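Listed below are the residues making up each chain.
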Amino acid sequence: GAGVSQSPSNKVTEKGKDVELRCDPISGHTALYWYRQSLGQGLEFLIYFQGNSAPDKSGLPSDRFSAERTGGSVSTLTIQRTQQEDSAVYLCASSPEGGPYSTDTQYFGPGTRLTVL
Amino acid sequence: QKEVEQDPGPLSVPEGAIVSLNCTYSNSAFQYFMWYRQYSRKGPELLMYTYSSGNKEDGRFTAQVDKSSKYISLFIRDSQPSDSATYLCAAMKTSYDKVIFGPGTSLSVIP
């Protein structure tokens, strides 16, 4: 079946512009996660959704970052007034159910590579 | 100090070699330990996870955790070129806690 998909695959933007990143999780998966991966930094947790609610937003780096999920499916990560330090690969993952960060396998999408000039 | 550390490599080995990938961690509360494999331009995929200390084997892969020294390892036997990827170790305190990832080790298996 279809895996997690993300769009766009690449995004180049100018400093100060807003960007929207989209994640389509595996159908039926209730949990959805956003991570950021910078070169040599590993995966940085951003936010977790269970259904449409986000019990933990503590990983969002600043108030320029926001995310929403609608219909228990698609999620959008929005970055306002982008800065050069926002350049990274943004990864989305989904899992069937279970605890917020359980070892219930997370299936990752291919990521969106964001470059802020 | 990062909570989970690993040598970024790159590590290059000949096909058929035994590969040893290692991580250290600083938080003694970590109980769950995972290894993810990430191919270039792809998202990570979970390879193995273990709870507390001990060994876990799955095919050519063996994960080992030593909580006394805060050291976790992944061994790959009979390495193949298809094993060439970045390997991320990860840890968490409970199954309801954030997963903390290491920066990853880049592995190349040369035919």
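Each remark here, short or long, concerns the structure printed above.
Predicted, not measured: the structure shown is a model, and the values here were computed from it.

Draft legend 1. The overall build of chain B, seen in detail. The number of helices and strands found in chain B is zero helices and eleven strands. Along chain B, from the amino end to the carboxyl end, the secondary structure elements read β-β-β-β-β-β-β-β-β-β-β. Relative to the compact-globule value of 13 Å for 111 residues, chain B shows a C-alpha radius of gyration of 13 Å, a close match. Projected onto its principal axes, the C-alpha positions of chain B cover 40 × 25 × 20 Å. Expressed as a percentage of the 111 residues in chain B, the buried residues total 43%. Partitioning the intrachain contacts of chain B with sequence separation of at least 6 by distance along the chain shows that 55% fall at a separation of at least 24. Total accessible area on chain B stands at roughly 5300 Å², and carbon and sulfur atoms take up 48% of it.

Draft legend 2. Representation of unusual backbone geometry. With an omega of -10°, the peptide bond between Ser7 of chain A and Pro8 of chain A qualifies as cis. Positive phi, close to 50°, is recorded for Arg81 of chain A, a residue that is not glycine. Since its relative accessible area comes to 42%, Arg81 of chain A is described here as partly exposed. With a phi angle near 45°, Asp78 of chain B is a residue other than glycine that sits in the positive phi range.

Draft legend 3. Inspection of the nonpolar core at higher detail. Counting 23 residues, the largest nonpolar core has Trp35, Leu74 and Tyr87 of chain B as the members making the most contacts within it. At the level of elements, strand E3 (19-25), strand E4 (32-38), strand E5 (45-51), strand E7 (61-66), strand E8 (71-76), strand E9 (85-92) and strand E11 (105-110) of chain B are the ones that each hand at least two residues to this core. The next biggest cluster of nonpolar side chains, apart from the first, holds 19 residues, and it includes Val19, Leu32, Ala88 and Tyr90 of chain A.

Draft legend 4. The pairing of strand E9 (residues 88-95) of chain A, seen in detail. Residues and elements named next belong to chain A. Counting buried positions along E9 yields eight of eight residues, so the element is predominantly enclosed. Where burial is concerned, the two faces of E9 agree: the one with Ala88, Tyr90, Cys92 and Ser94 and the one with Val89, Leu91, Ala93 and Ser95 are both buried. Bridge count between E9 and strand E11 (residues 112-116): three bridges; the pairing is antiparallel. In the sheet register, Val89 faces E11, and the bridge partner there is Arg113.

Draft legend 5. Looking closely at the sheet that holds strand E3 (residues 19-24) of chain A. Residues and elements named next belong to chain A. A sheet is described by the order of its strands in space; here four strands give the open sequence E1-E3-E8-E7, paired in antiparallel fashion. Each of the sheet's edge strands pairs with one partner strand only, and the pair in question is strand E1 (5-7) and strand E7 (65-69). Pairwise comparison of adjacent strand axes, ignoring direction, gives a mean angle of 15° for this sheet.

Draft legend 6. Local environment of the environment of Leu74 of chain B. Residue and element names in this part refer to chain B. Along the chain, Leu74 turns up in strand E8. Taking relative accessible area as the criterion, Leu74 reaches 0% and is therefore assigned buried. Sequence spacing of Leu74 and Thr86 is twelve residues, and the spatial spacing of their C-alpha atoms is 12 Å.

Draft legend 7. Broad picture of the state of the cysteines. All names here are of chain A. What the rule picks out here adds up to two disulfides over all chains. For Cys23, the disulfide goes to Cys92, at an S-S distance of 1.8 Å. As the torsion about the S-S bond is roughly -65°, the Cys23-Cys92 disulfide counts as left-handed. Residue Cys23 is found in strand E3, and its partner Cys92 is found in strand E9; the two are separated by 69 residues along the sequence. The class for Cys23 is buried, based on a relative accessible area of 0%. Using a relative accessible area of 0% as the deciding quantity, one classes Cys92 as buried.

Criteria and cut-off values
Residues numbered from 1 in each chain as written. Chains lettered and ligands numbered in written order. Predicted model: local features only at pLDDT ≥ 70, side-chain atom pairs only at ≥ 80, totals over all residues. Heavy atoms only, no water. Helix = DSSP H or I, 4+ residues; strand = E, 2+ residues; numbered from the N terminus. Rg over C-alpha atoms; globule rule 2.2 N^0.38 Å. Buried < 20%, exposed > 50% of the residue type's maximum accessible area, 1.4 Å probe, protein only. Contact = heavy atoms within 4.5 Å. Areas by Shrake-Rupley, 256 points an atom, 1.4 Å probe, with all protein chains shown as cover. Core = buried A, V, L, I, M, F, W, Y, C linked by side-chain atoms within 4.5 Å. Pairing = 2+ DSSP bridges. Axes fitted to C-alpha atoms, helices over the stretch in contact; angles between N-to-C directions. Disulfide = S-S within 2.5 Å.

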